[in-house]
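The chain contents come next:
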Amino acid sequence: PERSFQITAGYSSLGYGYDGENESFLRSLDIQLGYGVSQRVSLIARYQKAWFASEWAEGSGENFLYFGPEIQLKQDRISFFLPIGTKFSSGEDDDGYFEFTPTFNFSLPIGKKVFFNPAVELGFIFCEYCSEKPWLGIDLGLGVRPNERVTIFAEYDLVYSFEDFGEGHFYMINGGIAFRI
């Protein structure tokens, strides 16, 4: 909504699945700030700190910063989000990392306070060592709104690389809480 702020905090675990086996290898914490500039448009900024599972306790890892508009195509039901991001590290080469991920988000009520939140995203990552092929994400989320200002959410995402399509998939398990001010 216009002239409203939203603060979201979340945790994610990224893994890889192949031939019936799964292995989690990346963890991340993020904070996202959103501001409704009009009834249909919000500007969103997100900071994410990601670690390989083996580095979790060491405090190292990568820093990511994303920014982009979210446009309501059908109020509170369908939106288009275009985050554009980069990564940065203290004292390390960031290999020119640049990412953008056009995303369609959907929100379907299951009751008065529970929502099914699927999404479809197409990711493009550019860097010195990255694949030139995009990836496809299919997200399945569930949100609970105990009141108009708080949403608690959980998501399961499947991510397929067009470079390795059919040879396994990435998955992400996310959870968090959002506060509308």
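Everything quoted here is computed from the prediction, not taken from an experiment.

Caption draft 1: Spatial organisation of the overall build of the protein. Within the protein, the regular secondary structure consists of zero helices and 13 strands. In sequence order, the secondary structure elements of the protein are arranged as β-β-β-β-β-β-β-β-β-β-β-β-β. For 181 residues, the compact-globule formula gives about 16 Å, and the C-alpha radius of gyration of the protein, at 17 Å, lands near that figure. C-alpha extents for the protein along the principal axes are approximately 40 × 40 × 30 Å.

Caption draft 2: Structural context of the environment of Glu 70. On the secondary structure map, Glu 70 appears in strand β4 (residues 62-74). Look at Glu 70 and you get buried, because its relative accessible area is 17%. Along the chain, Glu 70 and Phe 81 lie 11 residues apart, while their C-alpha atoms are 4.2 Å from each other. Aside from chain neighbours lying at most four places away, what touches Glu 70 is Arg 40, Val 41, Ser 42, Ile 44, Ser 79, Phe 80, Phe 81 and Asn 105. In this structure the side chain of Glu 70 is engaged in a polar contact, spanning 2.8 Å, whose partner is the side chain of Ser 79.

Caption draft 3: Representation of the nonpolar core. Counting residues in hydrophobic clusters, the biggest one holds five residues: Ala 50, Phe 64, Tyr 66, Tyr 97 and Cys 127. With residues near it in sequence (within four places) discarded, Tyr 66 still touches Ile 44, Ala 45, Arg 46, Gln 48, Pro 83, Ile 84, Gly 85, Tyr 97 and Glu 99.

Caption draft 4: The packing of aromatic side chains, seen in detail. Summed over the entire model, instances satisfying the criterion amount to 11 aromatic pairs. Measuring from ring centre to ring centre gives 5.0 Å for Phe 80 and Phe 104, while their planes differ by 50°; the resulting arrangement is tilted. Taken together, the positions of Phe 80 in strand β5 (residues 78-81) and Phe 104 in strand β8 (residues 103-106) put the pair 24 residues apart, joining distant regions of the chain. By relative accessible area, Phe 80 is classed as partly exposed at 24%. Classification of Phe 104 by relative accessible area gives partly exposed; the value is 39%. For the ring pair Phe 98 and Phe 100, a centre distance of 6.3 Å and an interplane angle of 50° mean the geometry is tilted. Linked through ring pairs, Phe 98, Phe 100, Phe 124 and Phe 126 together constitute an aromatic cluster.

How each quantity is defined
Residues numbered from 1 in each chain as written. Predicted model: local features only at pLDDT ≥ 70, side-chain atom pairs only at ≥ 80, totals over all residues. Heavy atoms only, no water. Helix = DSSP H or I, 4+ residues; strand = E, 2+ residues; numbered from the N terminus. Rg over C-alpha atoms; globule rule 2.2 N^0.38 Å. Buried < 20%, exposed > 50% of the residue type's maximum accessible area, 1.4 Å probe, protein only. Contact = heavy atoms within 4.5 Å. Polar contact = N/O pair within 3.5 Å; in protein donor to acceptor, adjacent residues only side chain to side chain. Core = buried A, V, L, I, M, F, W, Y, C linked by side-chain atoms within 4.5 Å. Phe/Tyr/Trp six-rings, centres within 6.5 Å; stacked < 30°, edge-to-face > 60°.

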